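Summary of structural features
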Amino acid sequence: MKLAQWKSSSHRKPLVLRGARQVGKTWLMKEFGRLNYEKTFYFSFENDSELAKIFATNKDPYRIISLLGTIKNSKIEKEKHLIIFDEIQECPNALNSLKYFCEDANDYHVIAAGSLLGTFLSRPMSYPVGKVNLLNVYPMDFEEFLGAVNQPLLKYLEETPPEEIISLQHTKLIEQYHDYLIVGGLPECVSSWAEEKNSGTVMQIQKELLALYENDITKHNGKIDAGRILLVFRSIVTQLAKENEKFIYGCVKQGARAREFEVAIEWLVSASLVLRVYDVKKPEHPIKVFEDFSSFKLFFFDVGLAKCAAEVQNKQIVLDSDFQFKGALTENYVLQQFHANLENDVHYYSPAQNYEVDFLLQNEMQIIPVECKAGGNVTSASFKRYRREQKPELAIRFSQLQYKEQDDMINVPLYLADKINEIVSK
């Protein structure tokens, strides 16, 4: 939908897709081109490094288009054709050329993407500020996962109001939620699971992806110490396994201080490899102004990778057993669904020891507390205290129980976390 809006917009600029490697950016661009244009011209700066020569000697977008068309033995036409620049981070001159496409040749439709592109876009001098549209691409959310592995159940979920989901279907949906914790939302993992239902194959893919991300860190970190980035990345499992999941620099390295690792954290966030959630000093509107930059949590951008990195056994998830990482895995899942479907940032609230609300959402002027419960025990002293003291108009608890509206709270099944916009607007 967002790509279609971009295509038809009178304010359209060259579009840059941001997102971690293997979230499906290349497939998305090609499929969009196939469905919406007469022809798609695909150029990968990783597969063909010689392409960089065109951008090294030319800034005129019409000349660039003419040369690219010549390479493809065809003429690239305005409006009718889509131009794709993939792995554009390998050619900074091509990234910078988007400025000239915007200013002088905006009738040509151009989409660009690349691995760790967010780390380039976070540096203002490395790309044409204000001359591109930006679109984030995320792992598949639960609904997209369900569409890939169980169409009949997805159809039922789409056609049935939450309060009318019967126990039998609720049980099936919880089982699919457990599968999602194991598989995650990365397209290669989901595709493998849909075709083979072999969790061993999925785990091998996840291990290879984790190794790939670590390799990217060592290749693309620029002036930042890759060793420090790796230390932070590898510490996330340990950070989340603590009773208090707040990021502690001492868990990365004994005696470590913020100044040693804060740039590494920024790199990982910009690269879309981790999700960062800030604590707030007050749960009030506008919540952004109350962010506490010294207090935050880091999560994996994909829950399947979190499960793999923590070496959680599938048996514990399938049998719904209790284990050390269960609460953190559930929070990671919920945050991943929020991240893909909410416009505003997600926060949490921890004003005192033994008092913490998992997430806070802002919906217009309303602040909504969110509790995530992994197991059968759904009581939470902190959540209850917050509701008593702050008296929010709406409070949401995600759990494995069926949908139920209570006096001051809604219990929402975990498989509906990606429906958060619909839930808060009811």
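Overview of the structure. (Residues numbered from 1 in each chain as written. Predicted model: local features only at pLDDT ≥ 70, side-chain atom pairs only at ≥ 80, totals over all residues. Heavy atoms only, no water.)

Focus on the overall build of the protein
The cut-off we apply is this: Only runs of H or I of at least four residues qualify as helices and only runs of E of at least two qualify as strands under DSSP, and these elements are numbered from the N terminus. Here the radius of gyration uses the C-alpha set of atoms, whereas the globule reference equals 2.2 Å times the residue count to the power 0.38. In this scheme, a residue with accessible area under 20% of its type's maximum is buried, one over 50% is exposed, and one in between is partly exposed, where area comes from a 1.4 Å probe on protein chains only. Contacts: residue pairs with any heavy atoms within 4.5 Å of one another. A 1.4 Å probe and the Shrake-Rupley method give the accessible areas. Residues count as covered only by the protein chains that appear here. Note on charges: Lys and Arg go in the positive column, Asp and Glu in the negative column, and His and the chain ends are not counted at all. All charge positions are set by atom: Lys at NZ, Arg at CZ, Asp at CG, Glu at CD.
Helix and strand counts for the protein come out as 18 helices and 13 strands. Over its C-alpha trace the protein gives a radius of gyration of 23 Å, about what one expects of a compact globule, namely 22 Å for 426 residues. For the protein, the proportion of its 426 residues judged to be buried stands at 53%. In the protein, the share of contacts with a sequence separation of at least 24, taken over all contacts with a separation of at least 6, comes to 66%. Summed over all atoms, the accessible surface of the protein reaches about 20000 Å², with 47% contributed by carbon and sulfur. The average position of the 51 basic charges and that of the 57 acidic charges among the side chains of the protein differ by 4 Å.

Topic: empty space enclosed by the protein
To keep it simple, the criterion reads: Lining residues are defined by having an atom within 4 Å of a point belonging to a cavity or pocket. Those points lie on a 1 Å grid over the protein atoms alone, cavities being sets where a 1.4 Å probe fits but cannot get out and pockets being open sets with protein on both sides within 12 Å along at least five of seven lines. Grid points are joined across faces, edges and corners, and a volume is the space filled by probe spheres set on the points. Residues are grouped as follows: Ala, Val, Leu, Ile, Met, Phe, Trp, Tyr, Cys and Pro are nonpolar; Asp, Glu, Lys and Arg are charged; every other residue, Gly included, is polar.
What the rule picks out here adds up to one cavity of 30 Å³ or more. The calculated volume of the largest cavity comes to roughly 80 Å³. Along the walls of the largest cavity sit 13 residues, with Y177, L181, D320, K326 and T330 positioned nearest its centre. Within the residue set of the lining of the largest cavity, elements represented by two or more residues are helix 9 (167–183), helix 15 (314–318) and helix 16 (326–341). Its residues assigned to classes, the lining of the largest cavity shows six nonpolar, five polar and two charged.

Side note on the sheet that holds strand 6 (residues 274–280)
Put simply, the rule is: A pair of strands is treated as paired once DSSP finds two or more bridges between them. Angles shown run from 0 to 180 degrees and are taken between the N-to-C directions of axes, each axis being a line fitted to C-alpha atoms and, for helices, limited to the stretch in contact.
Across the sheet, which stays open at both edges, the eight strands sit in the order 7-6-8-9-10-11-13-12 with mixed pairing between neighbours. The two strands at the open ends of the sheet, each matched to only one other strand, are strand 7 (291–300) and strand 12 (404–405). Two strands pair when backbone bridges link them, and strand 11 (residues 396–399) and strand 13 (residues 410–413) are joined in this way by four bridges, in the parallel orientation. Opposite R397, over in strand 13, you have N411 as the bridge partner. Across the face of the sheet, helix 12 (residues 226–241) comes into contact with strand 6 and strand 7 while running at roughly 95° to strand 7.

Brief notes about the layout of surface pockets
The volume enclosed by the second largest pocket comes to roughly 900 Å³. Those elements that place two or more of their residues in the lining of the second largest pocket are helix 12, helix 16, strand 8 (347–352), strand 9 (355–363), strand 10 (366–372) and helix 17 (381–390). Considering each element in turn, the lining of the second largest pocket owes the most residues, four residues, to helix 16. For the lining of the second largest pocket, the per-class residue count stands at nine nonpolar, twelve polar and ten charged.

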